[in-house]
Amino acid sequence: AVVSTQSTGDERRIDLGCIRNVDCSIIQILDKSDNVAFYRFEGSAWHKQDIEGSLFVFSRSVSPFYGFVILNRRSLSDNVIELLLKGLEFQRSGLYLLYKTKQQTSLDVGIRSIWFENEGACVRISNLLNRLMRMKKGENVSMITKMQDLPEDEKLVRKKPDSPPKAPAQKKTCERTQGGGGGGGRVGKKSGKKG
């Protein structure tokens, strides 16, 4: 099946409006993937979360300037948002993008995985997130800044497996925050507070 990374102007405006409900400082969608699922590595096993939907990589008007969000189609309030903070590590394995956050507890070692229905989207998103992290470290890297600039190519669609691959050796609720701290991979309910 051919999956286009191109969106119409109307679709981009609608998508941007949806993710701005999660974080009002988002100003641009850099890329997206329409069908992903979210996993956590807890204790010594992967646990699929009740989170599936569209993933958006975005830029913000305040620091930290980049991040990604999974808008959960199973629940309007349980989304995943990660702001790209120092120390965040990404690794692609097949249809999975694994990453490690600094948020850790005795059971939660901070390892997450995002399953992509489409391998091309996984590669593209992984490359973009790694470029953004290198930019954050001050490396000189070129970057595609607009979704319409992304190449359209053939992608293989595969069936979703039951669990992600072996683990490698903060959802932030939108409270109309104007910057500062970051996601940490927390998953939770959207706050009703405004500030």
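Quick summary incoming for the structure in this document. (Residues numbered from 1 in each chain as written. Predicted model: local features only at pLDDT ≥ 70, side-chain atom pairs only at ≥ 80, totals over all residues. Heavy atoms only, no water.)

As paired strands, strand β5 (residues 89-93) and strand β6 (residues 96-100) are joined by five bridges and run antiparallel to one another. What sits directly across from Q91, in β6, is L98. With antiparallel pairing between neighbouring strands as the criterion, β5 and β6 make up a hairpin whose turn holds two residues, including G94 at a positive phi of roughly 65 degrees. (Pairing = 2+ DSSP bridges. Helix = DSSP H or I, 4+ residues; strand = E, 2+ residues; numbered from the N terminus.)

As a further point, take the nonpolar core. By size, the foremost hydrophobic cluster in this structure holds 23 residues, and its most contacted members are L55, V57, F68, F90, I114, F116 and L129. Sorting the residues of this core by element identifies β1 (26-42), β2 (45-60), β3 (66-72), β6, β7 (108-116) and α2 (119-136) as the ones contributing at least two each. When residues of this core are assigned to their parent elements, the largest contribution, seven residues, is made by α2. (Core = buried A, V, L, I, M, F, W, Y, C linked by side-chain atoms within 4.5 Å. Buried < 20%, exposed > 50% of the residue type's maximum accessible area, 1.4 Å probe, protein only.)

Using the criterion set out here, one finds nine salt bridges in the structure. Between R60 and D23 there is a salt bridge, and its shortest N-O distance comes to 2.8 Å. Of the two residues, R60 is situated in strand β2 and D23 in the loop between α1 (9-20) and β1; the sequence distance between them amounts to 37 residues. A single burial state applies to R60 and to D23, both of which are buried. Note that K32 and D34 form a salt bridge whose closest N and O atoms lie 3.5 Å from each other. For K32, a relative accessible area of 15% puts it in the buried group. Among the charged side chains, a salt-bridge network with shared partners connects K48, D50, E52 and R74. (Salt bridge = Lys/Arg side-chain N within 4 Å of Asp/Glu carboxyl O.)

The next thing to look at is α2. Compared with the 26 Å implied by 1.5 Å per residue over 18 residues, the 26 Å span of α2 between its first and last C-alpha is a close match. Residues A121, C122, R124, I125, S126, L128, L129, R131, L132 and M133 constitute the buried set of α2. Sitting at the amino-terminal end of α2 is N118, which places a side-chain oxygen 2.9 Å from the backbone nitrogen of G120. The positive-phi residue at the C-terminal boundary of α2 is G138, with phi of around 95 degrees. (Expected span 1.5 Å × (residues − 1). Polar contact = N/O pair within 3.5 Å; in protein donor to acceptor, adjacent residues only side chain to side chain.)

Turning to unusual backbone geometry, a few remarks are in order. Residue S63 is joined to P64 through a cis peptide bond whose omega torsion reads -5 degrees. Here P64 is to be found in the loop between β2 and β3.

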